[in-house]
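# Residue-level structure breakdown
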Amino acid sequence: MNISCQLLNVLGDTYADGFSKYLPPVFKNMSHIVDFLDRISPAPSQQVREAALIAGLFKTQGALSAIRLIKGNKDLIPDLDCEQHNQMIRIVNHMHKSIDHAVIAGAISVSWHAAATRQGNNLRTQSLFNMMSTVAASNDNKGATIAKSAIEVMTQIDAKPNESNEKNFLLFSISIDLAGSTQAKTEAMTVSPSNQQRIDEINIEIMRHFIKAEQEFYKRSCSRYTEGGGLEPQQFFSVKGIGDEMWILAESDRVTVVEAGRSLIDAALQISTQIFKHIAVENDDGPNWHPKFNYGKTQPLALGIKIFIDAVENATEISSVRDDAIHKAAPEILKERSGVYPNEHEIGKIIDRLLLGGFEPAGWMGFYKGRSDFIGHEIDRFFRTSKMAIPGMVIIGEATAILLNLKFQALDVDLNYLKGHRSLESCHPALSLKKATNIMLSRLFRPVFRVPIIAKIFWPLVDTVIKEVDTTDLFSVFLADGRPLRGGNPRDNVYAIKRILRAEVLKGIGYDYSTFALFAPRSLKAMLVQEEADKKNGFRTFPLDEVRRLLPDDTLQRLVAAEVIRNRTSGRLT
């Protein structure tokens, strides 16, 4: 078996840009083992070379299986199904058995060293190098010679390049949520309460509406016709989904961040005004339809889309840290249960279930493909403020407004009556305006309410109101160069309602934070008109009361008229 070391290196480099992520390091590992075997004089026999390659690439059980297939000598394969420190002791003992055993042990050591180098595990590489150095300095001439050949190869294995920590990119953190889904799934259970299979099917039907919205968001964000020119699809990264809520990141460099932000806002404005209607039926006729088919009990459902976008400049990636720790602990977890050290198959089964990423064992090497996950102050703030998202509007955080250098020009529309109004209706409808005013004034006298008895009686009422948002003026939104921010379908100038989240509701954040409810007048008006029409016709509607509380119908109508006139006079086809 004459395998060229140069050929294996070429194969590894060739496949590096190909379809497989697993073949390049395997070929590289093989090349290091062959390089090691070629340095030994006199050259090992063909049987030993084959056994060395097998032992260097596969763990004990896999190596024994492969040796049996080629009718090799299984006695050459060391038993290394044990803890890592015991493995190194057994390798040293194996090197002192015979020259052939030493070759096998040296090949395994080279393979371990290459894998550790690829992973950037400097402690492991140094331990293996020290182990071979100890053998090379021993009185065992045969083992020492083999160890010196292994050391020569180890010193030539390229270290993993250090990755720059400099962050030349920014992240837009995006939350897409299917509004009304909890109620929809609860109502769907009444259609066929004793048939779990049918409930599962209805839940999947509901989920398909969310998937459709997510797909549309990607397509419109990447469209070359969108505001800002669109993003590249590879700029998106789905971090995780929790049921019918998806956390997505959109990556952008600092040069094109404004265009990227405009594209995301435009796409979100088009998606957020969509209402999905669905009828859950007790009996499903599949793709066929028959006028006399008995659908049984039916339940109409209506679902909306909520989108929140904010910029994140500082976040810590933590998925590999957690998975690496669980992976290392897996053998001990299994041993704690069974009392014996687990084999490769048993370890593989548990890490496949416990790791957030995917792990593919390949002999002494392992290929981990993780899903990035992030923590940090700005991430926590994002999830706190994302709860302000409402259907029909796109909510952006203060950080996004600053990053895109948006300018807000107040319109001559009085929204002062809205301050605290949402708090009264949505959180404590029994409170009158007079009582609410008195409670808000109590903020000036917080020390009084520190008395336990008083606090027990009054603070629940105080917190009910003061934890909500302050709604301020209505704004026109402009880019830094004075052009209006545009979006929606049809394309309109974008307007915003500023809402300030008080520190009391942003638990642990420590300061007030502003959000902006963006909307395109004609898209939003169309959504509200459709809701009114559905109500008159007795159809199931998605409630848009929160939108109406933020923006009165007469104010929205004035903005719609202004957009119609502006687009007619400008000659735009919308």
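Cut-offs used in this document
- Per-chain numbering applies: the sequence of each chain, read as written, is numbered from 1 onward.
- pLDDT decides what is reported in this predicted model: residues at 70 or higher carry local features, side-chain atom pairs at 80 or more are listed and counted, and totals for whole chains, interfaces and linings draw on all residues regardless.
- Only hydrogens and water are removed before side-chain values are computed, so all heavy atoms of the structure are retained for them.
- Helical segments are the DSSP runs of H or I of at least four residues, strand segments are the runs of E of at least two, and each set is numbered from the N terminus.
- Here the term buried applies to any residue with accessible area under 20% of the maximum for its type, exposed to any over 50%, and partly exposed to those in between, with areas from a 1.4 Å probe on protein chains only.
- Contacts: residue pairs with any heavy atoms within 4.5 Å of one another.
- Regarding the arc, it is the one traced by the directions from the helix axis to the C-beta atoms.
- Note on ring pairs: Phe, Tyr and Trp rings are taken, using the six-membered ring of Trp, and paired if centres are within 6.5 Å. Classes follow the plane angle, with under 30 degrees stacked, over 60 edge-to-face and the rest tilted.
- Look at NZ for Lys and CZ for Arg. If either is within 6 Å of the ring centre and within 35 degrees of the ring normal, a charge sits over the ring.
- Strand pairing is defined by DSSP finding a minimum of two bridges between the two strands.
- Each residue carries a pLDDT value, the predictor's own confidence for that position, ranging from 0 to 100.
- Axis definition: a line fitted to C-alpha atoms, over the contacting stretch in the case of helices. Angles run 0 to 180 degrees between N-to-C directions.
- Definitions for this section: a left-handed crossing has its near helix turned counterclockwise from the far helix by less than a right angle. A right-handed crossing has that turn clockwise.
- In plain words, nonpolar cores are sets of buried Ala, Val, Leu, Ile, Met, Phe, Trp, Tyr and Cys residues tied together by side-chain atoms within 4.5 Å.
- Oblique is the label for any angle not under 35 degrees, not over 145, and not in the 65 to 115 range, which are roughly parallel, roughly antiparallel and roughly perpendicular in turn.
- Residues are grouped as follows: Ala, Val, Leu, Ile, Met, Phe, Trp, Tyr, Cys and Pro are nonpolar; Asp, Glu, Lys and Arg are charged; every other residue, Gly included, is polar.

## Considering the overall build of the chain
A tally of regular secondary structure across the chain gives 21 helices and 16 strands. Evaluated residue by residue, the chain yields a buried proportion of 46% over its 574 residues. Restricting to contacts in the chain with at least 6 residues of sequence separation, those with at least 24 account for 71%.

## Focus: helix α14 (residues 377-385)
Taken together, the buried positions of α14 are Glu-378, Ile-379, Arg-381, Phe-382 and Thr-385. Looking straight down α14, one finds its buried side chains confined to an arc of 160 degrees; they lie on one side.

## Let's talk about the packing of aromatic side chains
Under the definition given, this model contains eleven aromatic pairs. Centroid distance Tyr-218 to Phe-236: 5.2 Å. Interplanar angle 65 degrees. Geometry classified as edge-to-face. In this pair, Tyr-218 sits in helix α10 (residues 196-222) while Phe-236 sits in strand β2 (residues 236-242), placing the two residues 18 residues apart along the sequence. Geometrically, the ring pair formed by Phe-293 and Tyr-295 is edge-to-face, given 4.8 Å between the ring centres and 70 degrees between the ring planes. When its relative accessible area of 31% is taken as the criterion, Phe-293 is described as partly exposed. Owing to a relative accessible area of 24%, Tyr-295 belongs among the partly exposed residues under this scheme. Three or more aromatic residues link up through ring pairs in this structure, and these residues are Trp-247, Phe-308, Phe-382 and Phe-383. One Lys or Arg, Arg-124, reaches over the ring of Trp-112 and ends 4.8 Å from the middle of that ring.

## Digging into the pairing of strand β1 (residues 169-179)
Within a regular strand, side chains alternate between the sheet's two faces. In terms of burial, β1 is largely enclosed, as ten of its eleven residues are buried. Bridging between β1 and strand β5 (residues 298-312) involves nine bridges; their strand directions are antiparallel. What sits directly across from Ile-174, in β5, is Ile-309.

## Details of the side chain of Gln-299
If you trace the backbone, Gln-299 turns up in strand β5. Accessibility expressed as a relative area gives 17% for Gln-299, which makes it buried.

## Points about the confidence of the model for the chain
Close inspection of predicted coordinates is inappropriate in any region flagged by low pLDDT. In this model, the chain carries an average pLDDT of 80, and 79% of its residues clear a pLDDT of 70 or more. Every residue in residues 441-446 scores below 50 in pLDDT, and together they form seven contacts with partners more than four places removed in sequence or on other chains. Scored below 50 in pLDDT, residues 462-467 shows 13 contacts in the model against residues more than four places distant or in partner chains.

## Side note on the packing of α10 against helix α11 (residues 257-272)
Following both chains from N to C, one finds α10 and α11 inclined at 140 degrees, their axes separated by 8 Å at the closest point. Considering the relative orientation of α10 and α11, their crossing is right-handed. Side by side, α10 and α11 meet where Ala-213, Glu-216, Phe-217, Arg-220 and Ser-221 of the first sit next to Ser-263, Leu-264, Ala-267, Ala-268, Gln-270 and Ile-271 of the second.

## As for the environment of Val-394
Tracing the backbone shows Val-394 in strand β10 (residues 394-397). Look at Val-394 and you get buried, because its relative accessible area is 0%. For the pair Val-394 and Ile-307, spaced 87 residues apart in sequence, the C-alpha to C-alpha distance is 5.5 Å. In contact with Val-394, other than residues within four places in its own chain, are Ala-268, Leu-269, Ser-272, Ile-307, Ile-309, Phe-516, Ala-517 and Leu-518.

## Description of the environment of Ala-267
Within the secondary structure, Ala-267 is located in helix α11. Given a relative accessible area of 0%, Ala-267 falls into the buried group. The sequence separation of Ala-267 and Cys-222 amounts to 45 residues, and the corresponding C-alpha distance is 8.7 Å. Those residues in contact with Ala-267 that sit more than four places away from it in its chain are Phe-217, Arg-220, Ser-221 and Thr-226.

## Things to note about unusual backbone geometry
Working note: non-glycine residues mostly have negative phi, and peptide bonds are mostly trans. For the peptide bond that leads from Ser-41 to Pro-42, omega is 0 degrees, which places it in the cis range. Tracing the sequence through the fold places Pro-42 in the loop between α2 (23-39) and α3 (46-57). Note the cis peptide between Asn-489 and Pro-490, where omega equals 5 degrees. Note that Pro-490 resides in the loop between β13 (486-487) and β14 (492-493). Here Lys-71, not a glycine, exhibits a phi torsion of approximately 60 degrees, which is positive. Tracing the sequence through the fold places Lys-71 in the loop between α4 (60-69) and α5 (84-95). Even without a glycine there, the phi angle at Asn-405 is positive, about 55 degrees. With respect to the helices, strands and loops of the structure, Asn-405 is situated in the loop between α15 (398-403) and β11 (407-410).

## Focus on the nonpolar core
For soluble globular proteins, the rule of thumb is that nonpolar side chains tend to be buried together. Counting residues in hydrophobic clusters, the biggest one holds 53 residues, and the most contacted among them are Phe-172, Ile-174, Phe-217, Leu-264, Ile-309, Ile-396 and Leu-518. Looking at which element gives the most residues to this core, the answer is α11, with eight residues. Sequence-distant contacts of Leu-264, defined by excluding residues within four places in its chain, comprise Phe-172, Ile-174, Phe-217, Ser-221, Leu-231, Phe-236, Ala-250 and Ile-309. Core analysis: the next-biggest nonpolar cluster, separate from the first, contains 43 residues, Val-34, Ile-67, Val-103 and Trp-112 among them.

## Section: the packing of helix α6 (residues 99-119) against helix α7 (residues 122-136)
In helix packing, the relevant descriptors are the interaxial angle and the interaxial distance, both defined with respect to the helix axes. Where α6 meets α7, the closest approach of the two axes is 8 Å, and the angle between their N-to-C directions is 155 degrees. As summarised for this structure, α6 and α7 are arranged roughly antiparallel, according to the angle between their axes. Of the two elements, α6 crosses α7, and the hand of that crossing is left-handed. In this structure, α6 uses Ser-109, Trp-112, His-113, Ala-116 and Thr-117 to contact α7, whose residues at the interface are Arg-124, Thr-125, Leu-128, Met-131 and Met-132. Here the residues of the contact of α6 with α7 sort into five nonpolar, four polar and one charged.

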